[in-house]
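One letter stands for each residue in the lines below.
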Amino acid sequence: MDDRVSLDDLVKGAKGLSAEEKTAARRILLAISSGGREMAQLLATGPLRGLTGAAGAVNVQGEEVQAFDEIAQEVFTRTLRESASVALLVSEERADPESLGGGTGSFHVAMDPLDGSSNLAVSGPVGSIFCAYRPAPSKSADLAPEVLASVAAPVMAAYVLYSVSTLLVVSFGSEVRQYALDPSRGEFLPLPGAVRFPEKGSRMISLNAGNASRWREGDQRYLRSLDGTSYTARYVGALVMDFHRNLLKGGLYLYPGDLPKESKGAGTAHPEGKLRLLYEAIPMALIARAAGGEAVDGHRPILEVPPVHIHQRVPLVVGTASLVAEYLRIVSSP
Ligand code: AHG
Ligand code: MN
Ligand code: MN
């Protein structure tokens, strides 16, 4: 059966949203689509225009800002502002939440405007990640606590993958749908079928083994446990691409925390890993769950991690449910 669901129908069918929230969600998805379309065009000609290098600045995460990190920040901030449906916007590229005003039924949105930006220099795949959170009933005077209070209620997650094709993947928590950009029409068109981790899928394992000497013993044990088993190593260093491949084929993505710096091992100051809770881990967890998979921080579900900071990092293990369960078993049993 060729079951394609338009973005409009996906929003209409979203469970637990008021009519006003559906209008806001639809506008936010249109903003992500039009920003994604614009970014796909800009990225395609980036090398010709000398835009694939560093911008000469360091962001709030202490990471070198690439020209496209800033371009994506500006593109999506503009389209999301124009949607008039986002109250507060949190971005990897900005230290503080930005108030966009928003309208009735509006959401707070957290975004990673350009994910996997080290791939830009080699024309590798990159992405953009978004999560819409329902504002908590009681308002806070400060913006960051206001966003953090909404994190308990992620309503919609989406990512755009810029690769050999440009895909938009969206979930309201009950199913996951894919849309592909038709550049000649400038539109994202639905692909058939809801996406689910395959029951008898591959065992694609995506991790940066070069960091393993800094990991905790449990994560090192997991890596050793793979030795001699049948699995396929796949890692491109862009969460969106690594997650998406594993979603379609079956697999596990792992970015653990390092040992603390002062420990005996070769630790660093990143005991919570590299990925960010609000705009990387939670959206991927929402999509993974809706596709029959799981996402944990090494112990508990990502969706149960208490948010304490808008740029909080968290260890992330996400993928096929049975592979996450296997990881948890090995990590917890010395
Ligand atoms: P970003 O480009 O938004 O900073 O994210 C990069 C992240 C993630 O996409 C990727 O999986 C991971 O960093 C790769 O990190 P390593 O190079 O340490 O493996
Ligand atoms: Mn990222
Ligand atoms: Mn980024």
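Residues numbered from 1 in each chain as written. Chains lettered and ligands numbered in written order. Predicted model: local features only at pLDDT ≥ 70, side-chain atom pairs only at ≥ 80, totals over all residues. Heavy atoms only, no water.

Caption draft 1: Representation of the domain arrangement of the protein. Under the domain assignment used here, the protein contains domain 1 (7-190) and domain 2 (204-332). Computed from C-alpha atoms alone, the centre-to-centre distance between domain 1 and domain 2 is 22 Å. Contacts between the two partners involve 44 residues from domain 1, matched on the other side by 30 residues from domain 2. Note on domain 1 versus domain 2: buried area summed over both sides is about 2,700 Å², and carbon and sulfur give 70% of it. Our count for the domain 1 to domain 2 interface comes out at three salt bridges. R313 is the partner of E63 in a salt bridge, and the nearest nitrogen-oxygen pair spans 3.7 Å. Those elements that place two or more of their residues in the side of domain 1 that touches domain 2 are β3 (86-91), β5 (107-115), β6 (126-133), α4 (143-150), β7 (154-162), β8 (166-171) and β9 (176-182). (Domains from an automatic or database assignment. Contact = heavy atoms within 4.5 Å. Buried area = accessible area lost by both parts, 1.4 Å probe. Salt bridge = Lys/Arg side-chain N within 4 Å of Asp/Glu carboxyl O. Helix = DSSP H or I, 4+ residues; strand = E, 2+ residues; numbered from the N terminus.)

Caption draft 2: Seen up close, the site of ligand 1. Near ligand 1, the surroundings consist of 19 residues, among which D115, N208, Y235, Y253 and Y255 are the closest. Here L114 contributes a backbone N or O atom positioned 3.3 Å from an oxygen atom of ligand 1. Between ligand 1 and N208, the relevant distance is 2.8 Å, taken from an oxygen atom to a side-chain nitrogen or oxygen of the residue. Relative to its unbound accessible surface of 470 Å², ligand 1 loses 86% to contact with the protein. Of all elements in the fold, only β5 and β13 (251-255) reach the threshold of two or more residues within the shell around ligand 1. The biggest single contributor to the shell around ligand 1 is β5, with three residues. Here the residues of the shell around ligand 1 are counted per class, giving seven nonpolar, five polar and seven charged. Here the shell around ligand 1 spans two domains, and each of domain 1 (7-190) and domain 2 (204-332) adds at least three residues to it. (Near = heavy atom within 4 Å. Polar contact = N/O pair within 3.5 Å; in protein donor to acceptor, adjacent residues only side chain to side chain. Areas by Shrake-Rupley, 256 points an atom, 1.4 Å probe, with all protein chains shown as cover. Nonpolar A, V, L, I, M, F, W, Y, C, P; charged D, E, K, R; others polar.)

Caption draft 3: Main features of the confidence of the model for the protein. Looking at the protein as a whole, the pLDDT averages 95, with 97% of positions reaching at least 70. Considering each helix and strand of the protein separately, the mean pLDDT is smallest for strand β1 (residues 54-58), with a value of 85, and largest for β7, with 99. (pLDDT = per-residue confidence, 0-100.)

Caption draft 4: Region of interest: the pattern of salt bridges. Counted by the stated rule, this structure contains 22 salt bridges. Here D8 makes a salt bridge to R26, at a shortest N to O gap of 2.6 Å. Placement of D8 in helix α1 (residues 7-12) and of R26 in helix α2 (residues 19-44) is noted, with a sequence separation of 18 residues between them. Salt-bridge contacts for K12 lead to D9; the nearest nitrogen and oxygen are separated by 3.6 Å.

Caption draft 5: Summary view of the coordination of the manganese ion (ligand 3). Bound to the manganese ion (ligand 3) on the protein side are E92 (OE), D112 (OD) and L114 (O), at distances that span 2.1 to 2.2 Å. Counting along the primary sequence, the residues that act as donors to the manganese ion (ligand 3) give the motif E-x19-D-x1-L. The metal-metal distance between the manganese ion (ligand 3) and the manganese ion (ligand 2) comes to 3.8 Å, with D112 coordinating both. Accessibility assignment for this pair places D112 and L114 in one class, buried. (Donors = N, O, S within 2.8 Å, 3.2 Å for Na, K, Ca; no water. Buried < 20%, exposed > 50% of the residue type's maximum accessible area, 1.4 Å probe, protein only.)

Caption draft 6: Examining the nonpolar core more closely. By size, the foremost hydrophobic cluster in this structure holds 46 residues, and its most contacted members are Y159, F243, L278, I302 and L316. Broken down by element, this core gets its largest block of residues, 11 residues, from helix α7 (residues 277-290). When residues of this core are assigned to domains, at least three map to each of domain 1 (7-190) and domain 2 (204-332). Among all residues touching I302, those that are not within four sequence positions of it are L277, A281, I282, A285, A295, V296, D297, V314, P315 and L316. L10, M39, V109 and L181 belong to the second largest nonpolar core, which has 42 residues in total. (Core = buried A, V, L, I, M, F, W, Y, C linked by side-chain atoms within 4.5 Å.)

Caption draft 7: Looking closely at the coordination of the manganese ion (ligand 2). Within the first shell, the manganese ion (ligand 2) binds the protein through D112 (OD), D115 (OD) and E280 (OE), at distances of 1.9 to 2.2 Å. The sequence pattern describing where the donors of the manganese ion (ligand 2) fall on their chain is D-x2-D-x164-E. The class for D115 is buried, based on a relative accessible area of 5%.

Caption draft 8: Quick look at the packing of helix α6 (residues 239-249) against α7. Following both chains from N to C, one finds α6 and α7 inclined at 15°, their axes separated by 12 Å at the closest point. The pairing of α6 with α7 is recorded here as roughly parallel in orientation. The handedness of the crossing between α6 and α7 comes out as right-handed. Residues L239, V240, F243 and L247 of α6 touch α7, and the partners they reach there are E280, M284, I287 and A288. Class assignment of the residues belonging to the contact of α6 with α7 gives a composition of seven nonpolar, no polar and one charged. (Axes fitted to C-alpha atoms, helices over the stretch in contact; angles between N-to-C directions. Parallel < 35°, antiparallel > 145°, perpendicular 65-115°, else oblique. Left-handed = near helix turned anticlockwise from the far one by under 90°.)

Caption draft 9: A look at the sheet that holds β13. As summarised here, the arrangement of the five strands in space is β12-β11-β13-β15-β14, forming an open sheet in which the pairing is mixed. In the strand order of this sheet, the two ends are held by β12 (232-233) and β14 (293-296), each with one partner. For strand β11 (residues 204-206) and β13, the ladder comprises three bridges, and the chain directions are parallel. Among the inter-strand pairings, I205 is bridged to a residue of β13, identified as L252. Contacts between α7 and the sheet are confined to β14 and β15 (316-320), with β14 contributing the most and set at about 155° to the helix. Contacting β13, β14 and β15, helix α8 (residues 321-332) runs over the sheet at an angle of about 140° to β15. (Pairing = 2+ DSSP bridges.)

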